[in-house]
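What follows is the residue order along each chain.
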Amino acid sequence: MKSHAKAVVIGGGVVGCSVLYHLAKSGWTDIMLIERSELTSGSSWHAAGGFHTLNGDPNVAKLQAYTVQLYKEIEEISGQSCSLHLTGGVMMADTPERMDFLRLAHAKGRYLGMDTELITPSEAKAMFPLMDETNFVGAMWDPVEGHLDPSGTTHAYAKAARKLGAEIVLRNRVVELTQEVDGTWNVVTEQGTVKAEHVVNCGGLWAREIGRMVGVELPVLAMEHMYLLTEPMPEVEEFNKSTGREMIGVLDFKGEIYTRQERNGILLGTYEKACKPWSPVSTPWDFGHELLQPDIDRIAPSLEIGFKHFPGIEKAGIKQIINGPFTFALDGNPLVGPVQGLTNFWCACAVMAGFSQGGGVGLALSNWMVHGDPGFDVWGMDVARFGEWATLRYTNAKVRENYSRRFSIRFPNEELPAARPAQTTPLYDTMLANNAVMGDSWGLETPLWFAPRGSEPKDVVSFHRSNDFRPIGEEVRATRARVGVTEIANFAKYEVSGPGAEDFLNRLMTNRMPKTGRIVLTPMLNEFGRLIGDFTIAKAGPRGGEERFMIWGSSAAQKYHMRWFEKHLPKDGSIRIHRFDQTLVGLSIAGPKSRDLLQKLVDVDMSTKAFRFMDFREMAVGGAPCMVNRITYTGDLGYEIWMAPAYQRLVYKAIKEAGEEFGLVDFGMRALLSMRLEKNFPTWFRELRPIYGPFEGSMDRFIKLEKNDFIGREAAAKEQAEGPKLRRVSFIVDAADADVMGDEPIWAKVGGKDYGTVEKPHGYGAPRFDAGGKEVRGSNAAEGASAVRGIVDGDWRVVGWVTSGGYAHYVEKSMAQGYVPAALAENESAGLFEIEILGHRRPARINVEPPFDPSGEKMRT
Ligand SMILES: Cc1cc2nc3c(=O)[nH]c(=O)nc-3n(C[C@H](O)[C@H](O)[C@H](O)COP(=O)(O)OP(=O)(O)OC[C@H]3O[C@@H](n4cnc5c(N)ncnc54)[C@H](O)[C@@H]3O)c2cc1C
């Protein structure tokens, strides 16, 4: 074993071997993988080996498609077969709601380049005759599904990596990790210490233990998982013989089961409701190639439905039941990337579908390590997406919830109950007393809407407009007509201070930094000129002679942004960044009477002249020390008021009392989001994401190319000079009783005209290199864009995709935002666009100017 390496990958499961292969392929050959036992000694060896491309997050779906397409490549390089069976598969819907869900998934696939097809139960039965099709109302066919040999596949990655120069050390446990002052890692193993620049945690079932070696509690938990194998079945053999084909994979939502052919019999696995964590606190180091005791009672309810839906299987004898553990993060997607607060400590763990996702995870992580950027929008699996609130017990509750709901529909207005409430503000009980329906906002309870007195504060979950529609409308109308108050504790808040703080922010942000007492809005770009942040920044008065800035952003991106800020801080410690999280909370008041209301609570002049639009000031509100921004996301006259939690009840009470004479109402987050729609304001992670450039995102007025050399400036200048290919636009949709939710395809009647690209970007051209050091830009299927193939209907074509939307209650319009080719972005013609909602194409019209207060006069007065 060598004593030095550029990178040490810990763990020889499918994920570790994929990371090793991709690092080697990127040109890093001074790398090694250290495995405690033999390769596949965690969950990889007993996996059912199924793979598929579909995922709720389109960007993760794209990386899954890459994984499937990679298998041929590693087979060729390694000479090791993965035993790939690309059978295709169906998802079976047993109710109209589940069919709506499949329609949505199918519509999404239209711009992801996926060839899914909605089919009848009889068509599904023809491909899997063991089913009783009368149990179903429809199905979706996906040709890119199948199964493989898990062990062969892991070894194929490993052999391919070795051929490219990587070293693999077996039967050697990593027992400790320490870091030198210069950043070098000491990887202490049973066979000695390796000095490494980078360490990657691919520990699978032991990822948590490896995290603990560096003081991190990763939100990952192993769950027991069972599948059964039947004896050979004559029906299967007969089908194979008569059709010359293998039986397809089937996913049955109702039974929470998946099933497919395995040799001459059937494999059937369950995601049962009565699920069970395995080793919930720590994983024994001596666990190896053994299986857990099957517990048929736990899966009996799923089997009962399964045997009813697939009577052919019930008749077969059960040969074996496999019960093995594998790991999940809270939302079922992997934890990938650099861990915030540490240097060169990387994660690729909690990969619950290693054979669907392992390739994409390896590619993204190796890009990140070698080139400083994953090259794709990997937010859906970024290790930074969970906060400190994701403790061991929180994770346990959420993972169990996620596992038991794996095949359940998540409705767009559905809030999941496990591990809640976790964080609450001092107003939590008051909001409950006000009949608020609460939602989870990055671990914090946040009022979503207020149910009428006397009614139960509860969402009726649906794909259609629901019981919150009318109350939200009332909140919006009262706020726009008079004044409303809402909690905004769920924003991210930071303070940046120290000499040179302004220069530091100017280097990071695209807009000029404000003068003292003023506010700017500014995007943040990465080196490739892609959007990685969108902030409100105020310059506070100096403290102790030091420059001081307040920053507000997306709460879910707090760790993601801290990681970026820390990466770019000067090494001399002169600039400090403080993340407040819930040590600073807030309230927003908005509406034409908000100034009069606030004036009653402060001892300074609030007139338009004295406190202008986009002013910032520290002042006492209702007797509490606060910071006040003259800005609101409602796009109306309004204010954001920030205070320490100890003062929040005082300020809220003062607002409520002073507001009585103006007809003040409480409004929730959903009303706020409705109001931002009618102002065409974007949201972070929906409209603005790292796959878009700032001009594509229609953020032009916040990009000051001439101000100084900020990160991403060159790429942004290029985007502007060449003209963006796409543009973010706002639509008014002729919707029926359902509004867009995001990810719907946008159709245009383009006739014979060519409006350029109809492609959704996924990667953004981070340079990468082959084993010989040659640049191979754009060589991966997952990179670049997914062409929208064959989606033409007469003169109509799919030209874009929706990012978010809903009902804009004040202007009484259903609205959507999304991306279309730039050449179409200013075309407001009626009859040009349609947006597909739940499988029905609805007329839509671009709305260049926001329908509410297009001149912005109201917020400025
Ligand atoms: C019953 C069952 C069915 C499944 N079916 C499917 C399926 O159909 N499709 C699918 O895609 N996935 C399936 N999975 C999940 C799949 O097995 C996992 O996604 C995958 O194995 C995860 O791989 P990994 O490399 O992250 O972790 P693991 O396979 O757990 O590998 C981690 C490795 O790290 C090593 N290690 C840990 N700590 C150390 C240390 N300190 N020093 C050295 N080495 C260390 C371990 O020995 C182990 O070999 C199934 C899992 C189970 C249990």
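In what follows, the accompanying structure is described. (Residues numbered from 1 in each chain as written. Predicted model: local features only at pLDDT ≥ 70, side-chain atom pairs only at ≥ 80, totals over all residues. Heavy atoms only, no water.)

### Some details on the environment of E190
Where we set the bar: Only DSSP runs of H or I covering at least 4 residues are called helices, and only runs of E covering at least 2 are called strands; the numbering of each starts at the N terminus.
Mapped onto the elements, E190 comes out in the loop between β10 (185-189) and β11 (192-201). Each C-alpha atom, one on E190 and one on R171, is 8.8 Å from the other, the two residues being 19 residues apart in sequence.

### Some thoughts on the pairing of strand β23 (residues 492-497)
Side chains on a regular strand alternate between the two faces of the sheet. What counts is decided by this rule: Note on classification: 1.4 Å probe, protein chains only; a residue is buried when its accessible area is under 20% of the maximum for its type, exposed when over 50%, partly exposed between these limits. The rule for pairing is simple: two strands pair if DSSP sees at least two bridges between them.
Most of β23 sits out of view: six of its six residues are buried. Taking every second residue as pointing to the same face, both faces of β23 are buried, with A492, Y494 and V496 on one and K493, E495 and S497 on the other. Strand direction decides the pairing type here: β23 and strand β26 (residues 546-553), joined by six bridges, are antiparallel. From the neighbouring strand, S497 faces β26, where its bridge partner is R548. Pairing of β23 with strand β27 (residues 576-579), which is carried by four bridges, proceeds in the antiparallel orientation.

### A short note on unusual backbone geometry
A cis geometry characterises the amide bond from R420 onward to P421, with omega recorded as -5°. In this structure, P421 sits in the loop between α11 (392-404) and α12 (428-433). One non-glycine residue, S279, lies in the positive phi region at around 45°. Looking at the element boundaries, S279 is found in the loop between β16 (277-278) and α8 (296-309). With a relative accessible area of 16%, S279 lands in the buried category. The phi dihedral of D581 is positive, around 50°, even though this residue is not glycine. On the secondary structure map, D581 appears in the loop between β27 and β28 (585-590). D581 sits in the buried class, given a relative accessible area of 15%.

### Quick notes on the nonpolar core
Stated formally: Residues enter a nonpolar core if they are buried and are Ala, Val, Leu, Ile, Met, Phe, Trp, Tyr or Cys, with the set joined through side-chain atoms within 4.5 Å. Here, two residues are considered to be in contact whenever any of their heavy atoms come within 4.5 Å of each other.
Core analysis: the largest hydrophobic core is formed by 62 residues, its most contacted members being V8, L177, V187, Y271, F328, L335 and F345. For this core, the element with the highest residue contribution is strand β12 (residues 221-230), accounting for four residues. Setting aside chain neighbours within four positions, we find V8 in contact with M32, I34, V187, V194, A196, H198, V199 and V200. By size, the runner-up hydrophobic cluster in this structure holds 46 residues, among which are L23, A166, V361 and L363.

### Here we look at the packing of helix α13 (residues 469-481) against helix α18 (residues 669-677)
Stated formally: The axes are straight lines fitted to the C-alpha atoms, using for helices just the contacting stretch, and the angles between their N-to-C directions are given from 0 to 180°. By definition, turning the near helix anticlockwise from the far helix through less than a right angle yields a left-handed crossing, and turning it clockwise yields a right-handed one.
Look at α13 against α18: their axes get within 9 Å of each other, and the N-to-C directions meet at 65°. Crossing handedness for the pair α13 and α18: right-handed. Along the contact surface, α13 presents I472, E475, V476, T479 and R480, while α18 presents R670, A671, S674 and M675.

### Details of α11
Where we set the bar: Expected helix span is given by 1.5 Å per residue-to-residue step, counting one fewer step than there are residues.
Between its terminal C-alpha atoms α11 stretches 18 Å, which fits the 18 Å expected from 13 residues at 1.5 Å a residue. For α11, the full list of buried residues reads Y394, T395, N396, A397, K398, V399, E401, Y403 and S404. Against the buried residues of α11 lie β12, β15 (265-270), β16, β17 (318-328) and β20 (436-441).

### Observations concerning the sheet that holds β27
Read across the sheet, five strands follow the order β24-β25-β26-β23-β27 without closing on themselves; strand pairing throughout is antiparallel. Taken across any chain shown, the strands that pair with only one partner, and hence form the sheet edges, are β24 (519-525) and β27. Looking at each pair of strands side by side, their axes are set apart by 30° on average, direction ignored. Strand direction decides the pairing type here: β24 and strand β25 (residues 531-543), joined by seven bridges, are antiparallel. Residue pairing across strands places L525 opposite L531, the latter belonging to β25. Its contacts with the sheet put helix α14 (residues 501-508) on β23, β24, β25, β26 and β27, and the angle it makes with β26 is roughly 35°. Relative to β25, helix α15 (residues 558-568) is tilted by about 70°, and along the sheet it contacts β23, β24, β25 and β27.

### Topic: the layout of surface pockets
As a reminder, the rule being used: Computed over the protein atoms alone on a 1 Å grid, cavities are sets of points where a 1.4 Å probe fits but cannot get out and pockets are open sets with protein on both sides within 12 Å along at least five of seven lines; a residue lines them when it has an atom within 4 Å of a point. Grid points are joined across faces, edges and corners, and a volume is the space filled by probe spheres set on the points. The nonpolar class holds Ala, Val, Leu, Ile, Met, Phe, Trp, Tyr, Cys and Pro. Asp, Glu, Lys and Arg form the charged class, and all remaining residues, Gly among them, are polar.
By volume, the second largest pocket amounts to about 810 Å³. The wall of the second largest pocket is formed by 34 residues, among which P338, W368, R563, W564 and K567 lie closest to the centre. When residues of the lining of the second largest pocket are traced back to their parent elements, those giving at least two are α10 (354-371) and α15. In terms of residue count, α15 provides more of the lining of the second largest pocket than any other element does, six residues in total. A class-by-class count of the residues in the lining of the second largest pocket yields 18 nonpolar, nine polar and seven charged.

### Here we look at the site of the ligand
Test applied: Put simply, a residue is near a molecule or strand once any heavy atom of it comes within 4 Å of that molecule or strand. Think of a polar contact as two N or O atoms within 3.5 Å of one another; within protein, one of them needs to be a possible hydrogen donor and the other a possible acceptor, and neighboring residues in sequence only count if both atoms come from side chains.
Every one of the 39 residues lining the ligand counts as a neighbour, but E35, R36, S44, V351 and G354 are closest to it. A distance of 3.4 Å separates an oxygen atom of the ligand from a polar backbone atom of G42. Taking V351, its main chain carries an N or O atom lying 2.5 Å from an oxygen atom of the ligand. Listing elements by their share of the shell around the ligand, those giving two or more residues are α1 (14-25), β12, β17 and α10. By residue class, the composition of the shell around the ligand is 19 nonpolar, 17 polar and three charged.

The quantities given are spatial measurements derived from coordinates; they are silent on function.
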